[in-house]
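A structural walkthrough
Now for the letters of each chain:
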Amino acid sequence: MRRYRICFLALLLGPLPALAASESDMNAKCADLLAKWKDRFAEEKMTAVIAPPFVIAGTGDADRVNAYRDRTILSAAKCLQTQFFKKHPAEPVMILLFESAEPYKRLAKKWFDDDDVPYYGFFRHDNIMLMNVGTGTGTLVHELTHALIKPDFPEVPSWFNEGFASLYEQCSLGADNTIKGHENWRLPALQKAIKADKLRPLSELVADPAFYKPEMVGLNYGQARYLMFYLQEKKLLAPYYTQFRDHYKEDPTGLESLKKIIGPQSLEAFEKDWRAWVMTLEFPPR
């Protein structure tokens, strides 16, 4: 799936909010993780830095790796954690940044025995991200969102996890530690489906456990992303996330939480307004 390079309104530096583990404990865990990988990084001439809770290694030079750390990883993480997440990683997240497809594919196979990797990057359940950053940093923020939502909402269903992460494939960061998604390449296919009356209701998207079904996955991503976008524009995304996360046991799909957040408007009326709003958007912008 195609991604676009992220753009920023502001560069946000400074420490992340307090971690679930103590600062000294996390520093030690990151140092231990780097020590386990240092020989492999040295063999590939990769630059590695620690920025708790992250261990970041890249095939670029030190300036380039530090730029990814400061301008994308730490900045986006601070915004996401400030705006959404109550719990933060208790274990390190290792981020491997490859400047081209060749080392990305080769080392995914060599180090993880994975010979069928997505073109842009992915997050593994063992807290390791592999990224082909030669394609841009939008995917980096997408996968970083997966890494940070994991400790805060471990039961998050795929439709929300992917819609939420996809929102930040094209985004900006504000000086008030907020992150904001913008229109991106997923829009035209979604508009085409709406115009042809071939888009299933939101209630079916939310209730369907087969989010990654091949013939539907692309449209599912778009529908989920632009639902998040609409909630963001209505200033309902953070309240919805909190409501859903905190009431997951009684509402595992998030549908009842959505109805509560949009009330007193009915889901049917909300969806009608959402579809009309989607059709007013443009990408690429004029």
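Shown above is the structure to which this text applies.
Presented here is a report on the structure given in the accompanying data block.

Reading the values: the criteria
- Residues numbered from 1 in each chain as written.
- Predicted model: local features only at pLDDT ≥ 70, side-chain atom pairs only at ≥ 80, totals over all residues.
- Heavy atoms only, no water.
- Helix = DSSP H or I, 4+ residues; strand = E, 2+ residues; numbered from the N terminus.
- Rg over C-alpha atoms; globule rule 2.2 N^0.38 Å.
- Buried < 20%, exposed > 50% of the residue type's maximum accessible area, 1.4 Å probe, protein only.
- Contact = heavy atoms within 4.5 Å.
- Axes fitted to C-alpha atoms, helices over the stretch in contact; angles between N-to-C directions.
- Parallel < 35°, antiparallel > 145°, perpendicular 65-115°, else oblique.
- Left-handed = near helix turned anticlockwise from the far one by under 90°.
- Nonpolar A, V, L, I, M, F, W, Y, C, P; charged D, E, K, R; others polar.
- Pairing = 2+ DSSP bridges.
- Phe/Tyr/Trp six-rings, centres within 6.5 Å; stacked < 30°, edge-to-face > 60°.
- Lys NZ or Arg CZ within 6 Å of the ring centre and 35° of its normal.
- Right-handed = clockwise from strand over helix to strand, strands pointing away.
- Lys, Arg positive; Asp, Glu negative; His and termini not counted.
- Salt bridge = Lys/Arg side-chain N within 4 Å of Asp/Glu carboxyl O.
- Polar contact = N/O pair within 3.5 Å; in protein donor to acceptor, adjacent residues only side chain to side chain.
- Core = buried A, V, L, I, M, F, W, Y, C linked by side-chain atoms within 4.5 Å.

A few words now on the overall build of the protein chain. On a plain count of helices and strands, the protein chain comes out with 11 helices and seven strands. Expected size for 286 residues packed as a compact globule is a radius of gyration near 19 Å; at 19 Å, the protein chain falls within 12% of this value. Within the protein chain, buried positions represent 53% of all 286 residues. Sequence separation of at least 24 residues holds for 67% of the intrachain contacts in the protein chain that already meet a minimum separation of 6.

All right, on to the packing of helix 4 (residues 138-152) against helix 5 (residues 158-167) then. Contact pair helix 4 / helix 5: the axes reach a minimum separation of 8 Å and the direction vectors enclose 135°. By the angle between their axes, helix 4 is oblique relative to helix 5. Judged by the sense of rotation from one axis to the other, the crossing of helix 4 with helix 5 is right-handed. Facing His 142, Thr 145, His 146 and Ile 149 of helix 4, the residues of helix 5 in contact are Phe 160, Asn 161, Glu 162, Phe 164, Ala 165 and Ser 166. Of the residues in the contact of helix 4 with helix 5, the class split is four nonpolar, five polar and one charged.

Taking strand neighbours across the sheet as the criterion, the five strands line up as 1-2-3-5-4 in an open arrangement whose pairing is mixed. On the outer flanks of this sheet lie strand 1 (47-51) and strand 4 (121-123), each paired with one strand and no other. When the angles between neighbouring strand axes are averaged without regard to direction, this sheet yields 15°. Where strand 3 (residues 93-98) meets strand 5 (residues 128-132), five bridges bridge the pair, whose relative direction is parallel. What sits directly across from Leu 97, in strand 5, is Met 131.

With that settled, the discussion passes to the packing of aromatic side chains. For the structure shown, the criterion picks out 30 aromatic pairs. Pairing Phe 244 with Tyr 248 gives two aromatic rings, centres 6.4 Å apart and planes at 40°, and the pair type is tilted. Judged by relative accessible area, which is 0%, Phe 244 ranks as buried. In this structure, Arg 40 packs its charged tip against the face of Trp 37, placed 3.7 Å from the ring centre.

For the rest of this paragraph, the subject is the pairing of strand 2 (residues 54-58). Note on strand geometry: in a regular strand, side chains alternate between the two faces of the sheet. Among the five residues in strand 2, five count as buried, and that is most of the element. Neither face of strand 2 is left uncovered, since the one carrying Phe 54, Ile 56 and Gly 58 and the one carrying Val 55 and Ala 57 both have all their residues buried. Bridging between strand 1 and strand 2 involves five bridges; their strand directions are antiparallel. Within the sheet, the bridge partner assigned to Ala 51 lies in strand 2 and is Phe 54. Hairpin remark: strand 1 followed by strand 2, antiparallel, with two residues in the connecting loop. In this region the chain leaves strand 2, passes through helix 2 (residues 62-83) and returns to the parallel neighbour strand 3; the handedness of that crossover is left-handed.

This part takes up the packing of helix 2 against helix 4. For any two helices packed against each other, the geometry is given by the interaxial angle and the distance between the axes. Direction vectors running N to C along helix 2 and helix 4 enclose 50°, while the axes themselves pass 10 Å from each other. It follows that helix 2 is oblique to helix 4 by the angle criterion. The crossing of helix 2 and helix 4 is right-handed. For the pair helix 2 and helix 4, contact is made by Thr 72, Ile 73, Ala 76, Ala 77, Leu 80 and Gln 81 and by Leu 140, Val 141, Leu 144, Thr 145 and Leu 148, respectively. Across the contact of helix 2 with helix 4, the residue classes tally to eight nonpolar, three polar and no charged.

Another point: the side chain of Arg 225. With respect to the element layout, Arg 225 can be found in helix 8 (residues 217-233). Buried charge without a partner: Arg 225 forms no salt bridge, and the closest opposite charge is Glu 169, 4.2 Å away. In terms of polar contacts, Arg 225 uses its side chain to reach the backbone carbonyl oxygen of Ser 166, at 2.8 Å.

Once that is clear, we can look at the nonpolar core. When a protein is soluble and globular, its nonpolar side chains tend to lie buried together. Within the largest apolar cluster, 69 residues are counted, with the highest numbers of intra-cluster contacts made by Phe 54, Ile 95, Trp 159, Phe 160, Tyr 168 and Trp 274. Counting residues in hydrophobic clusters, the runner-up holds 21 residues, among them Leu 33, Trp 111, Phe 122 and Ile 128.

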